[in-house]
Amino acid sequence: MFDQEPEGDPHGECAAEISSLTKKLNEAVTMLAEWCVAVADNGAGWDDWDEHYKDACYRPCGLREMIDAKMAAIRERDKPNASDQATASK
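Cut-offs used in this document
- Along each chain, residues carry numbers from 1 onward, in the same order as the chain's sequence is written.
- pLDDT decides what is reported in this predicted model: residues at 70 or higher carry local features, side-chain atom pairs at 80 or more are listed and counted, and totals for whole chains, interfaces and linings draw on all residues regardless.
- As a rule here, side-chain values cover all heavy atoms of the structure and leave hydrogens and water aside.
- Put simply, DSSP marks the helices as runs of H or I at least four residues long and the strands as runs of E at least two long, and each gets a number from the N terminus on.
- Burial status follows relative accessibility: with a 1.4 Å probe on protein chains alone, a residue under 20% of its type maximum counts as buried, one over 50% as exposed, and anything between as partly exposed.
- Any two residues whose heavy atoms approach within 4.5 Å at even a single point are treated as in contact.
- Reported accessibility uses the Shrake-Rupley method at a 1.4 Å probe radius. Residues are deemed covered only where the shown protein chains occlude them.
- Within this document, salt bridges are pairs made up of a side-chain nitrogen of Lys or Arg and a carboxyl oxygen of Asp or Glu, the two lying within 4 Å of each other.
- Two N or O atoms count as a polar contact when they lie within 3.5 Å, although within protein this holds only if one can serve as hydrogen donor and the other as acceptor, and sequence-adjacent residues are included solely when both atoms are side-chain atoms.

Chemist: I'd love a proper account of the overall build of the protein chain, names of residues and values included.
Modeler: Helix and strand content of the protein chain: four helices and zero strands. For the protein chain, the succession of helices and strands along the chain, N to C, is α-α-α-α. Of all 90 residues assigned to the protein chain, the portion counted as buried reaches 8%. Pairs at least 24 residues apart make up 32% of the contacts formed inside the protein chain by residues separated by at least 6 positions. For the protein chain, the accessible area works out to roughly 7,100 Å², and carbon and sulfur atoms hold 58% of it.

Dropping the structure here:
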C-alpha cells in the first residue's frame, strides 16, 4: 500500500500520513464511542445527546476540516432542487 524502504519501514512522508490518519481515526472513534455511551446509558436524556453532538460538531480537532467538508457535501446532496420544490408544491 505504502512504499517501503528496503528494511520494510515506510518512507518518511508515508509514515507521517499514516500517523495523521491514525490520529484522525482515533478522534472519530472516540467521538462516536462517547456519543454511543451517552445514548446507551442516558437514552432518554436529550441533554446528554446534545452535549456529545456539540462536541462532535464543534470540537476543534484534526478532523474538523474533514467533518465540515463532509457536512457541506451532505447538505448540498440533500438540498432540494427547483424542480423538486415545484413538484412538491403541486
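The discussion continues.
Chemist: Before we move on, can you summarise the pattern of salt bridges with the specific residues and values?
Modeler: When the charged atoms of two side chains with opposite charge come close together, those side chains can pair. Throughout the structure, instances matching the rule amount to four salt bridges. Across the pair Lys-23 and Glu-27 runs a salt bridge whose closest N-O atoms are separated by 3.3 Å. Of this pair, Lys-23 and Glu-27 are both found in helix α1 (residues 12-41), four residues apart, which corresponds to roughly one turn of the helix. Classification of Glu-27 as buried rests on a relative accessible area of 17%. When the shortest N-O distance is used, the salt bridge between Arg-77 and Asp-78 registers 2.8 Å. For Asp-78, a relative accessible area of 48% translates into the label partly exposed.

Chemist: Which residues make up the side chain of Arg-64, and what are the values?
Modeler: Residue position: Arg-64 is located in helix α3 (residues 64-78). Taking relative accessible area as the criterion, Arg-64 reaches 14% and is therefore assigned buried. Dropping the residues within four chain positions of it, Arg-64 is found in contact with Ala-56, Cys-57, Tyr-58 and Arg-59.

Chemist: Can you explain the environment of Thr-22? Please cite residues and give values.
Modeler: As for its placement among the helices and strands, Thr-22 is situated in helix α1. Judged by relative accessible area, which is 38%, Thr-22 ranks as partly exposed. Side-chain polar atoms of Thr-22 contact the backbone oxygen of Ile-18, separated by 2.7 Å.

Chemist: An account of the environment of Asp-55 is needed here, citing residue identities and associated values.
Modeler: Position of Asp-55 among the secondary structure elements: in helix α2 (residues 46-58). Placed 21 residues apart in sequence, Asp-55 and Glu-34 show a C-alpha to C-alpha distance of 9.5 Å.

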